[in-house]
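Chain by chain, the residues run as shown.
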Amino acid sequence: MTPLFHLLAVQAADPEVIDRIPSGYSHFVIPFTIGITFMLCWIGVGCIRLLAAIPQSDRLKFWKSLFLPKTIIKNLKDLFGDCLLHVKIWQRKPLLGYMHSAIAFGWFMLIVLGHIEVALFVPARLNVTRGGLFYPIFYRYFVWMNPGHTTLRGSFFFFLMDFFLLYVLSGIALAMFKRFRSIVLGMRHTTKPSLADRVALYSLWMIFPLRLLAESFTADLSGGSFLTVGVNHFWHLLFGDKLWFTPCWWAYSICLGLFFAAMPFSRYMHILTEVLWILLRNAGIQPHHPRKGVAEAEIYACSSCGLCLDACPMNVQKKNLKYSSVYFIRFLRRHNEKKINAIADKCLMCDKCHALCPVGVDAPALRRAQRATVNNSLPYDYSYLPSACAGQLSEQKVLYFAGCMTHLTPRIIKAVDRVFKAAGVEYAFADRDGGICCGRPLMLAGKTEAASKVIEANKKLIVESGCDTLVLSCPICYKIFKDEYHLEGIKVVHYTQFINDLIASGKLKVEKIDEKIVYHDPCELGRGCGVYYEPRAALGQAGTLVKASKEYDESVCCGGSLGSLTLDTRDRARISESSLEILLAEDPETIVTACPLCLKTFSEAVSNSRLPRKNVAVKDFAEVFCR
Amino acid sequence: MVDFGFGLVPSSRINLDLFDKDKYEELAAVEPDVRICMACGSCTAVCTAGKFSTTSLREAIEDIKNAQPAKAVEMLQACQLCGKCSMVCPRGINTRHLILSITKTYSTK
């Protein structure tokens, strides 16, 4: 290679790295450059359009949040944890977590280290006009290592680059394996990839093996470490002295170009869009429309990983897989109106997909927004509300609101009354003779405006009563009272919390008996309001608490949820049955729940169940404390 | 004869000639449960809104079958979708979706 020797002679100072190709350009970079330019333009325009579509006040809030120290720390933590290391996946499925973080974090490190190398050894090449877009990516092609002047610093980078390449390759190998046997990595169901997904997926699989091939072919010129140099020796053994490396670099560049060109239409867009979504999410901006503004960031942040498939309670039956959040978001992205509505209406709104999503995509909120586009404009007439909610001043400081569903299962009301009497709690009963609905079912059905009317009427009733604590026995009511009512000066508590406080303060005496109890987390109480600890603490005093096979935010909906608009009774019964099996994992004598709907559903499920255990009792939380 | 606007027959007279079969099939396509109602009235007995206004799902379904859909839509406007009716329905009718579907199908607005 004559130009090389020529160069050597010129550069008398003998630098460590020498520009092998003085122009810093070779034709093979074209596919990559086209692909990445297209993708960057696409995402640039997309970001501007997205930010333009969100309301002015939200936009201001977003910019401000970027400078608040608190959100800055949270942003950094979430970007590292969720985008690069995938902490949330690690916690649930370690092997899957390793796979994702190997590809994401490994690739990220390769890009960063590649740029640092260029900055250290040939800094001029970082300039965009001198090939800054592609030079750091194909650095190893353009340089020649001066063998007489290897330094520790250089070898250190060689080692790091090879290490991270191996790391990514191990992730890719796992990803390939997952295509054929996903269950080994902890996934029963995986998403069906679309056409663009397939193009991007297969090019992604090829990128890193080809990178190894290309870098190992040039390793004797541009240097390398344990991996590339080792493989390079192997090639020399196989092909002799002269290695013809240009085709490898072409193939590598074509694969990269193909991947970036397919990226905007595939699931892999999440690599970049989830950054934007995390920033918007942490700024506290809520979607107002199922498709525009923030929702768009959410839709594109979905990586279509399919973790929500196994999480969804509907998927005990394979025919319901198509109603999962991942497909809902896919059809939203494609503007497929007909399918979107059918999928949006089916969901039980148990929020499990949201709780387990690696990037926190709030699919239930999008479903609610989608339902609102159809149902919010339906006529309603609540002119009777003022007469229904005539507020009454009461002397009691504690107000108990049972709600519609509790009135259907009055055993809860009786139990609550007995517990309150035993603890000496004087209370007023807000809807003793029947009140109106809390508004949450309307909200879940997308009738937001109608819900606000009901909320207003109930709020008046509660404020006028002069209470300072509002106790609710229905988690559906509790959720909306907590989130939407904004009752200043009034403490809103669920009766599990209230009774737990009574026990802790010694007002309620509990006798511990030998009874194996399993506790079912109602969706609206657990995932909806984060109340996991109090019911368990209280139940632990009354009996022996045993575990269900899925608990806390992994718990499964009982099947009786009001969230779904179209799921039929037979499908619901199947969900109840599988949920029951989960609760009976450790052979408890009693199932305790803290929701009137769960109570009714499980009571029925136990008697209908084909499971051998029919003698298991289903009790309400309050009933445990008034034996 | 001059029509003075007076009549002996109230407007609530059932006229099955006016029954719109296509519309009913349209409703039954989105919510087939409408066909299986046996008019027991359990839904009406537990209705949250029914306590304060004259609303009844049983009656609304009857009204539709009796070719008086406007009355049904009017009546269901008081509904708060609380779902108590779905809990007590002996036929397992998805009442909330039925109510939304009746309003969507027959609403003139």
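Remember, it's a predicted structure, so these values are computed and weren't measured experimentally.

Cut-offs and rules
Residues numbered from 1 in each chain as written. Chains lettered and ligands numbered in written order. Predicted model: local features only at pLDDT ≥ 70, side-chain atom pairs only at ≥ 80, totals over all residues. Heavy atoms only, no water. Helix = DSSP H or I, 4+ residues; strand = E, 2+ residues; numbered from the N terminus. Buried < 20%, exposed > 50% of the residue type's maximum accessible area, 1.4 Å probe, protein only. Contact = heavy atoms within 4.5 Å. Areas by Shrake-Rupley, 256 points an atom, 1.4 Å probe, with all protein chains shown as cover. Lys, Arg positive; Asp, Glu negative; His and termini not counted. Charge placed at Lys NZ, Arg CZ, Asp CG, Glu CD. Buried area = accessible area lost by both parts, 1.4 Å probe. Salt bridge = Lys/Arg side-chain N within 4 Å of Asp/Glu carboxyl O. 1 Å grid on protein atoms, 1.4 Å probe; cavity = no way out; pocket = protein on both sides within 12 Å on 5 of 7 lines; lining within 4 Å. Points joined across faces, edges and corners; volume = space filled by probe spheres on them. Nonpolar A, V, L, I, M, F, W, Y, C, P; charged D, E, K, R; others polar. Domains from an automatic or database assignment.

## Here's the deal with the overall build of chain A
Looking only at helices and strands, chain A features 31 helices and 10 strands. With respect to the principal axes defined by its C-alpha atoms, chain A has extents near 100 × 55 × 45 Å. Expressed as a percentage of its 627 residues, the buried residues of chain A come to 59%. The long-range share in chain A, meaning contacts at least 24 apart out of those at least 6 apart in sequence, stands at 75%. Only carbon and sulfur atoms are counted for the fraction: they give 62% of the accessible area of chain A, which is about 26900 Å². Averaging the positions of the 71 positive and the 53 negative side-chain charges in chain A gives two centres separated by 5 Å.

## Quick look at the interface of chain B and chain A
Contacts between chain B and chain A engage 25 residues on the former and 32 residues on the latter. Around 2500 Å² of area is buried between chain B and chain A when both sides are counted, 64% of it from carbon and sulfur atoms. Among the residues of chain B in contact with chain A, Phe52, Gln80 and Met87 of chain B are the three that bury the most area, contributing 28% of the side total. Where chain B touches chain A, the interface holds zero salt bridges.

## Overview of the environment of Ala119 of chain A
Residues and elements named next belong to chain A. Tracing the sequence through the fold places Ala119 in helix α6 (residues 94-121). Look at Ala119 and you get partly exposed, because its relative accessible area is 35%. C-alpha separation for the pair Ala119 and Leu66, spaced 53 residues apart in sequence, amounts to 28 Å.

## Observations concerning the pattern of salt bridges
Counted by the stated rule, this structure contains 23 salt bridges over all chains. Glu117 of chain A is the partner of Arg140 of chain A in a salt bridge, and the nearest nitrogen-oxygen pair spans 2.9 Å. Here Arg140 of chain A is found in helix α7 (residues 139-142), whereas its partner Glu117 of chain A is found in helix α6, with 23 residues between them in sequence. A single burial state applies to Arg140 of chain A and to Glu117 of chain A, both of which are buried. For Asp63 of chain B, the salt bridge identified is with Lys71 of chain B, shortest N-O distance 4.0 Å.

## A closer look at the layout of surface pockets
By rolling a water-sized probe across the atoms, one finds the places where empty space is left. Residue and element names in this part refer to chain A. Considering only enclosed or pocket space, the largest pocket measures out at about 1200 Å³ in volume. Contributing elements (two or more residues each) for the lining of the largest pocket: α2 (30-53), α4 (69-84), α6, α8 (152-180), α9 (195-217), α12 (246-262) and α13 (270-282). At 11 residues, α6 tops the list of elements feeding residues into the lining of the largest pocket. Among the residues making up the lining of the largest pocket, the classes are represented as 38 nonpolar, seven polar and five charged. There are two domains that each give the lining of the largest pocket at least three residues, and those are domain 1 (17-48 + 64-270) and domain 2 (303-373). By volume, the second largest pocket is sized at about 770 Å³. Around the second largest pocket sit 26 residues that line it, and Gln286, Ala365, Arg368, Met443 and Glu484 are the ones nearest its centre. Mapped onto the lining of the second largest pocket, the elements with two or more residues apiece are α19 (363-375), α23 (440-444), α24 (448-465), α25 (475-484) and α27 (526-529). Considering every element that reaches the lining of the second largest pocket, the biggest residue donor is α19, with five residues. In terms of residue class, the lining of the second largest pocket is made up of 11 nonpolar, six polar and nine charged.

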